[in-house]
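Each chain is listed here by its residues.
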Amino acid sequence: MVRLFALLVGLTTTAVAAGSAYDAYQDETLGWKKVYHFGPAKKALKVDDKVYSPAQISIAGQLANWMQASYLPKGGLGDVRKTALERIGLYNTYNSALPPSYGARADTYVFLKQEGGKWVNETTHSILWEIVANKVPENYIHGLTNEKQYYFTIPGMDPDHLRQAGSREFEYRQVYDLSGHPVIGQYLNWVVPDFGQSVRQNVVILSRDKRMPFIQVSLGEVLDKAEAAIPVYWEKEKKKILERTQGMPRDTAFHTQSELEKIDRAKATLAKLRAKYRGRLGEGAYLQNGNFELIDLANGYDVFTGQKIEIDAPMGKIHPVYKVDPDLQARCKTDQPQWLTIRWLMGEMNQPVFRHMHESIVNNFNFDYVYDYFFAPEKVRGKAYAPRRDPAFEEKPVAQAPSAKAAKARQEAGVHFFEDFSTTPAGKPPANWSSTPNGQGRMVQVETQGEGDPHWAVIKGQSLTAKGLKPLPENFRLTYNVAVPKGFTWGGKRLITAIGKGDRLLAIELRPGADGAGGWLTVSNGDTRSAILNDAVAPFGREQAVPGFSNNLPFNGVTVAVEKSGASLGVSVNQQPVVFIPEAFKTPSVRLDGLQFKHSRSDSDTEKYYLGDIRIEAR
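The rules we used
Residues numbered from 1 in each chain as written. Predicted model: local features only at pLDDT ≥ 70, side-chain atom pairs only at ≥ 80, totals over all residues. Heavy atoms only, no water. Helix = DSSP H or I, 4+ residues; strand = E, 2+ residues; numbered from the N terminus. Contact = heavy atoms within 4.5 Å. Areas by Shrake-Rupley, 256 points an atom, 1.4 Å probe, with all protein chains shown as cover. Lys, Arg positive; Asp, Glu negative; His and termini not counted. Charge placed at Lys NZ, Arg CZ, Asp CG, Glu CD. Axes fitted to C-alpha atoms, helices over the stretch in contact; angles between N-to-C directions. Parallel < 35°, antiparallel > 145°, perpendicular 65-115°, else oblique. Buried < 20%, exposed > 50% of the residue type's maximum accessible area, 1.4 Å probe, protein only. Polar contact = N/O pair within 3.5 Å; in protein donor to acceptor, adjacent residues only side chain to side chain. Core = buried A, V, L, I, M, F, W, Y, C linked by side-chain atoms within 4.5 Å. Left-handed = near helix turned anticlockwise from the far one by under 90°. Nonpolar A, V, L, I, M, F, W, Y, C, P; charged D, E, K, R; others polar. Pairing = 2+ DSSP bridges. Salt bridge = Lys/Arg side-chain N within 4 Å of Asp/Glu carboxyl O.

Engineer: Just checking my understanding: could you explain the overall build of the protein chain for this structure?
Structural biologist: For the protein chain, the helix and strand inventory stands at 11 helices and 28 strands. Across its three principal axes, the protein chain shows a C-alpha extent of roughly 85 × 60 × 50 Å. Contacts spanning at least 24 positions in sequence make up 70% of the contacts within the protein chain whose residues lie at least 6 apart. For the protein chain, the accessible area works out to roughly 29300 Å², and carbon and sulfur atoms hold 50% of it. Distance between charge centroids for the protein chain: 3 Å, based on 76 positive and 68 negative side chains.

This is how it looks when you write it as structure tokens:
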């Protein structure tokens, strides 16, 4: 279910591309539905067999208050609530074996609608940040866990994949790893990858003396506990069989015999595993697949290697087997948290709403104060919580004087728009443009490149949209310079120039060739059902050759010109005609509104486009 929610939240970027309601609030700081200012609790709370004291509930309220003081949701609507270990139901009976956990959960809802003049959440899909005392990881091991015992893994990442540029694991470490962060890096922290039904998440644990609250168990203990789990499993299965076959004694006998035979095979495999690992039973246990069930043992699998028991395979050290430190678990009933689990998830860095939350937690939340408050209280006695940085902080754009070329162009009659990025210092996002982050969470930035150090906006898996641009003239000429570095990957994603919005959009798609060969250009409707284009006629949607645009020089540049005159459309590159469509537009008087440059994905350092000298003239 968590994975499904994350996929739905991931549709946000698709909605943005389609020009949905998200456009109206993606850059807006919507904040919280309510700032609660939770006070001390007065009553205890009983959930199943666990009783939460007023002190514990008060701590949950404090955590919620500190979260709201540190993060101001942007691009979504936030709400926070106190939380405790969920009630036991049909599918989580193992909660009986868990320590009492309590804390706060902050949801930022990403699909909103207008109601009564204000934004409200249209669905419950959200990105999530939570801080929970005594929380145990959720990746429980089926073959070991029941109402009496809870064993789990903290999924790791394959070391070979971590070294492989372009792999998911490599990207996770590059983008999300906080082990080198000056504050978070001093505490236990992980980037936990996608695993089973769980999505990638950042996890930070605060515990006394920064000690791991979980103990890795041995091979021997895994085998012992797997055997101890069998009678519990059998009692449940026996009940299910009797319920399913009530009044059918032959069926009862058949299914009972089948289940008992499966249990016997599992026990036999456990005996073989004890023999196989004799002399190593004290070693720390890892599960190749991160999980196992009784059926795996019944089918003769070595749960440590993931292979048949007779195969001599190594035990990959990626998914260790843990349990809660028994001493800490016993103390979890006290009013003092034994550890705090802080995690945030359900989004990606290329979603502005998630990127803002991630940066707010990393830069604003006062991890040191919270650690000291619970585990070294003498350091903060008499001091109120304060975030490390104001949650309303926004980096102010730094502007500089425009180039002489830009100043001149803006004074010329007929020039509707001009941008050479000269007012933006190198290393900063372009002024007066909005950028979406790429998969690494990086925004479009300006660089200097070439003779005279002209400024270029560098687009690498991002989009760049002009802010405050008035609708284009009915007849116009748009020109812009595009360049790629040497070695741009053959077959890399195109640069899409979107003129207009939604179903009133014209797209120019451009990509370089390789090794001196020319590139390709396509005129399209931007994958939408167009309300303005006669996009069924040739050459809409067909690639056209662009001589001279390749990847073999240190810097490979061309000038693109797009001209609308009545119903006709012409596109040229370096003053050489590439496309001319006499009746491209259904209505000659149509006006386009909006300008965006987009590169959907970058898989290497050289897959990027340099953009400069954008000029729109009335014709």
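Engineer: Teacher, can you tell me more about unusual backbone geometry here?
Structural biologist: It is generally the case that most residues other than glycine have a negative phi and that most peptide bonds are trans. The amide bond that connects Ala 538 to the next residue, Pro 539, takes the cis arrangement and shows omega of 5 degrees. When you line up the elements, Pro 539 lands in the loop between β22 (519-524) and β23 (544-546). Positive phi, close to 60 degrees, is recorded for Asp 209, a residue that is not glycine. Looking at the element boundaries, Asp 209 is found in the loop between β10 (201-207) and β11 (214-216). Its identity as a non-glycine residue notwithstanding, Phe 421 has a phi of 60 degrees, on the positive side.

Engineer: Whenever I open this one, the packing of helix α5 (residues 219-244) against helix α6 (residues 249-276) confuses me. Can you help?
Structural biologist: How two helices pack is summed up by the angle between their axes together with the distance between the axes. Where α5 contacts α6, the two axes come as close as 10 Å, and the packing angle between them is 175 degrees. In terms of orientation, α5 and α6 fall into the roughly antiparallel class. Touching Leu 223, Asp 224, Ala 226, Glu 227, Ile 230, Tyr 233, Trp 234, Glu 237, Ile 241, Leu 242 and Arg 244 of α5 are Thr 252, His 255, Thr 256, Glu 259, Leu 260, Lys 262, Ile 263, Lys 267, Leu 270, Leu 273 and Arg 274, all from α6.

Engineer: Is there a simple way to think about the side chain of Ser 568 in this case?
Structural biologist: For Ser 568, the location among the structural elements is in strand β25 (residues 568-573). The exposure class of Ser 568 is buried, given its relative accessible area of 15%. A polar side-chain atom of Ser 568 sits 2.8 Å from the main-chain carbonyl oxygen of Ser 565. Those residues within four positions of Ser 568 in sequence are excluded, and the remaining contacts are Glu 563, Phe 580, Ile 581, Pro 582 and Phe 585.

Engineer: Explain the nonpolar core to me, please; I cannot follow it from the model alone.
Structural biologist: Grouped burial of nonpolar side chains is what soluble globular proteins tend to show. Counting residues in each nonpolar core, the largest one holds 75 residues, and the members touching the most others are Trp 129, Leu 206, Ile 342, Trp 344, Phe 365 and Phe 367. Judged by nonpolar contacts, the second largest core, of 48 residues, contains Ile 499, Val 562, Val 573 and Phe 585.

Engineer: Quick question: what am I supposed to make of the packing of helix α2 (residues 54-70) against helix α10 (residues 367-375) here?
Structural biologist: The N-to-C vectors of α2 and α10 enclose an angle of 165 degrees; their axes lie 12 Å apart at closest approach. Judged on the interaxial angle alone, α10 and α2 are roughly antiparallel. In terms of crossing hand, the pair formed by α2 and α10 is right-handed. Together, Ile 59, Gln 62, Leu 63 and Trp 66 of α2 and Tyr 369, Val 370, Tyr 373 and Phe 374 of α10 make up the contact between the two elements. Taken together, the residues of the contact of α2 with α10 break down into seven nonpolar, one polar and no charged.

Engineer: Looking at this model, I keep getting lost on the environment of Leu 63. Mind explaining?
Structural biologist: Mapped onto the elements of the fold, Leu 63 is located in helix α2. Each C-alpha atom of the pair Leu 63 and Val 120 lies 24 Å from the other, and the pair is 57 residues apart in sequence. If sequence neighbours within four positions are ignored, Leu 63 has contacts with Gly 103, Ala 104, Ile 131, Leu 340 and Phe 374.

Engineer: Any chance you could explain the sheet that holds strand β8 (residues 152-153) here in plain terms?
Structural biologist: Where strands meet in a sheet, backbone hydrogen bonds hold them as pairs that are either parallel or antiparallel. Taken together, three strands build an open sheet; the order of strands is β8-β12-β11 and the sheet is antiparallel. Looking at the sheet topology across the chains shown, the edges are occupied by β8 and β11.

Engineer: Just checking my understanding: could you explain the pattern of salt bridges for this structure?
Structural biologist: Side chains bearing opposite charge may pair, as long as their charged atoms lie close to each other. For the coordinates displayed, the defined rule picks out 35 salt bridges. Close ionic contact of Lys 323 with Glu 221 constitutes a salt bridge, the shortest N to O distance being 2.9 Å. Placement of the pair is Lys 323 in strand β12 (residues 321-324) and Glu 221 in helix α5, with a sequence separation of 102 residues. On the basis of relative accessibility, which here comes to 19%, the residue Glu 221 falls in the buried class. Here Arg 619 ties to Glu 563 by a salt bridge, and the two come within 3.5 Å at their closest N and O atoms. With a gap of 56 residues between them, Arg 619 in the segment after β28 (609-618) and Glu 563 in strand β24 (residues 555-565) connect regions that are remote in the sequence. In this structure Arg 619 comes out as exposed when scored by relative accessible area, which is 52%. Exposure remark for Glu 563: the relative accessible area of 26% places this residue in the partly exposed category. The network of salt bridges with shared partners includes Glu 412, Arg 477, Glu 563, Arg 615, Glu 617 and Arg 619.

Engineer: Sorry if this is basic, but what is going on with the side chain of Asn 202 here?
Structural biologist: For Asn 202, the position within the fold is in strand β10. A distance of 3.0 Å separates a polar side-chain atom of Asn 202 from the backbone oxygen of Tyr 176. In contact with Asn 202, not counting residues within four places along its chain, are Tyr 176, Leu 178, Trp 190, Val 191, Ile 342, Arg 343, Trp 344 and His 358.

Note that all results are geometric; they support no functional claim without further evidence.
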